[in-house]
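# Fold and geometry: a report
The lines below spell out each chain.
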Amino acid sequence: MKKIVLIDGNNVIHKSPALKQLFAKDKNAARRSLIEKVKTRIGRGNSVEFYFDGHSDSKSSGIFFSGNKTADELIRSRIEKTEEHKNMTVVSSDTFITGLAKACGCAVRSSAEFLQSLENEDKVFNGKNINERYVPDNEKPKSSNRKELDFYRKHFT
């Protein structure tokens, strides 16, 4: 079953010293950094949605800006409108949002706990990026032997 992860982006950013420092200099860079860090670790078939306070001209799938509202209001609306509560995880340290999520049957992770899980995964992969994590399944041989080459020449040339 497809899992849906709702992330209170600014809340998570402010729990990470590195992202918080970057946010003070360049808000968009901090947001992009968080998004990339999460998207490279989210499992296949799962969906992640980021909710940020404020405005942006960016039109990316799964990234929402609250405009004149708060990100918490958007998350609340998303939780209330869905029927897939059992497949939904809410990442926030805001007690109102986490309380609502728990009451609706969603899984809840605090921002600090979520960041810790991302950092632990970094340690597991020794800082390798997503392309360096690829482990071949050895389904196909690396090269053909002489007998196979002769067969291919005979039947396919």
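A short tour of the structure in this document, coming up. (Residues numbered from 1 in each chain as written. Predicted model: local features only at pLDDT ≥ 70, side-chain atom pairs only at ≥ 80, totals over all residues. Heavy atoms only, no water.)

### Thoughts on the pairing of strand β4 (residues 88-91)
Of the two faces of β4, both are covered, the one formed by Met-88 and Val-90 as well as the one formed by Thr-89 and Val-91. Both β4 and strand β5 (residues 107-109) contribute to a ladder of three bridges, which runs parallel. If you follow Thr-89 over to β5, its bridge partner there is Ala-107. Between the parallel elements β4 and β5, the chain passes through helix α5 (residues 95-104) in a crossover that is right-handed. (Buried < 20%, exposed > 50% of the residue type's maximum accessible area, 1.4 Å probe, protein only. Helix = DSSP H or I, 4+ residues; strand = E, 2+ residues; numbered from the N terminus. Pairing = 2+ DSSP bridges. Right-handed = clockwise from strand over helix to strand, strands pointing away.)

### With respect to helix α3 (residues 27-39)
Helix length check: α3 (13 residues) gives 18 Å between terminal C-alpha atoms against 18 Å at 1.5 Å per residue, within 8%. Regarding α3, the residues found buried are Ala-29, Ala-30, Arg-31, Leu-34, Ile-35 and Val-38. For α3, the N-terminal cap is Asp-26; the gap from its side-chain oxygen to the backbone nitrogen of Asn-28 is 3.2 Å. (Expected span 1.5 Å × (residues − 1). Polar contact = N/O pair within 3.5 Å; in protein donor to acceptor, adjacent residues only side chain to side chain.)

### Focus on the environment of Gly-105
Of note, Gly-105 is situated in the loop between α5 and β5. Counting along the chain gives 20 residues from Gly-105 to His-85, while the straight-line C-alpha distance between them is 5.6 Å. Those residues in contact with Gly-105, other than ones at most four positions away along the chain, are His-85 and Lys-86. (Contact = heavy atoms within 4.5 Å.)

### So, the sheet that holds strand β2 (residues 47-52)
Here five strands make up an open sheet; going across it, the order is β3-β2-β1-β4-β5 and the pairing parallel. Of all strands in the sheet, those with a lone pairing partner are β3 (63-65) and β5, marking the two edges. Each strand of the sheet is rotated relative to its neighbour by a mean of 20°, with strand direction disregarded. When strand β1 (residues 4-8) meets β4, the two strands line up parallel, connected through four bridges. Bridging from a neighbouring strand, Val-5 pairs with Thr-89 of β4. (Axes fitted to C-alpha atoms, helices over the stretch in contact; angles between N-to-C directions.)

### So, the pattern of salt bridges
Counted according to the given criterion, the structure contains three salt bridges. Ionic pairing is found between Arg-76 and Glu-80, a salt bridge with its closest N-O pair at 3.1 Å. On the criterion of helical spacing, the pair formed by Arg-76 and Glu-80 is a turn pair, its members being four residues apart in helix α4 (residues 71-81). The class for Arg-76 is partly exposed, based on a relative accessible area of 37%. (Salt bridge = Lys/Arg side-chain N within 4 Å of Asp/Glu carboxyl O.)

### Quick look at the packing of helix α2 (residues 17-25) against α3
Where α2 meets α3, the closest approach of the two axes is 6 Å, and the angle between their N-to-C directions is 145°. On α3, the residues that touch Leu-19, Leu-22, Phe-23 and Lys-25 of α2 are Lys-27, Ala-29, Ala-30, Arg-31, Ser-33 and Leu-34.

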